[in-house]
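Remarks on the overall topology
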Amino acid sequence: MTIKGALFDFSGTLFRIEPVAAWLRAVLDARGTETDPATFELLVRELTAAGALPGGPPPERVPSALAAAWADRDRTALRHREAYTGLARQVDLPEPELYDALYERHMSPEAWQPYPDAAEVLGGLRRAGVGIGVVSNIGWDLRPVFRAHGLDELVDVYVLSYEHGVSKPDPGLFRTACAGLGHAPADVVMVGDDRRADGGAAALGCEVRFVDHLPVEERPGGLRALGLAEQAARGHGS
């Protein structure tokens, strides 16, 4: 396969969200809210179990009252906020304003860290003449995260589920991304960490490759190991 286009998932593939403890600490500190160590650790455990951090650990259970919002969370910005603030409200936080503050924090560039090899791999693909797209199930605009971390200039197309009202694995998102790059799906590779959601690209004829959704420090070279830039360079040089 000669790679002409490459699509990447966002969370768990190119970037990783901060841990729940860091997420909560950042919001508490910003608001000047004090908690004793035991209470802080309890809140971290409860928020983790609730699955309140988007991009973090999934909820152990979704309350029936949130089932509809959860099912549609990536299709509209309103549903995304409703689902995740609703999950957070299962936890008794010290101040009612903290629920929205936590949601706002997770959308900030400071809450996200690119994987160590993300810039290297995207840059190598760009030098090989490969078009690059980001296809994400998400309820908010992630472009500022890419700009803040210096990766926006390496991305040609963003296809975000909430902007199209459809989420992966629906092939419609991948079709839109391939069209945006101007390449047939057979010439495009999709890289993600979710075999169900990201694997939906295979229905169009894209090759799909996977990385493990691990903390940044535990996956220093997962993207590099796929050999995409090298394969693209060989194909374009032949």
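Up top is the structure.
Below: a short report on this structure. Only a predicted model underlies this, so the values are computations on that prediction, with no experimental measurement involved.

Per the secondary structure count, the protein includes 10 helices and seven strands. Compactness check: the protein gives a C-alpha radius of gyration of 19 Å against a globular reference of 18 Å for 238 residues, within 12% of the reference. Counting only C-alpha atoms and orienting by the principal axes, one finds that the protein spans roughly 65 × 35 × 25 Å. Of the contacts made within the protein by residues no fewer than 6 positions apart, 68% connect residues no fewer than 24 positions apart. Here the protein displays about 10300 Å² of accessible surface, and carbon together with sulfur accounts for 51% of that area. The protein carries 24 positive and 34 negative side-chain charges, and their two centres are separated by 5 Å.

Checked against the element boundaries, P58 lands in the loop between helix 2 (37-50) and helix 3 (67-71). Assessed through its relative accessible area of 63%, P58 is described here as exposed. A C-alpha to C-alpha distance of 22 Å links P58 and G165, two positions 107 residues apart in sequence. With sequence-adjacent residues up to four places away left out, P58 is seen in contact with T48, A49 and G51.

Here the focus is the packing of aromatic side chains. Within the structure shown, the criterion is met by eight aromatic pairs. Relative to W112, the ring of F10 lies with its centre 4.5 Å away and its plane at 40°, an arrangement referred to as tilted. In this pair, F10 sits in the loop between strand 1 (5-8) and strand 2 (15-17) while W112 sits in strand 3 (residues 112-114), placing the two residues 102 residues apart along the sequence. Across this residue pair, the class does not change: F10 and W112 are buried. When the centroid spacing of 5.8 Å and the interplanar angle of 40° are considered together, the rings of F10 and F146 count as tilted.

This part covers the environment of L125. Along the chain, L125 turns up in helix 6 (residues 118-127). A relative accessible area of 0% means that L125 is categorised as buried. Along the primary structure L125 and E163 are separated by 38 residues, whereas in three dimensions their C-alpha atoms are 26 Å apart.

Procedures and definitions
Residues numbered from 1 in each chain as written. Predicted model: local features only at pLDDT ≥ 70, side-chain atom pairs only at ≥ 80, totals over all residues. Heavy atoms only, no water. Helix = DSSP H or I, 4+ residues; strand = E, 2+ residues; numbered from the N terminus. Rg over C-alpha atoms; globule rule 2.2 N^0.38 Å. Contact = heavy atoms within 4.5 Å. Areas by Shrake-Rupley, 256 points an atom, 1.4 Å probe, with all protein chains shown as cover. Lys, Arg positive; Asp, Glu negative; His and termini not counted. Charge placed at Lys NZ, Arg CZ, Asp CG, Glu CD. Buried < 20%, exposed > 50% of the residue type's maximum accessible area, 1.4 Å probe, protein only. Phe/Tyr/Trp six-rings, centres within 6.5 Å; stacked < 30°, edge-to-face > 60°.

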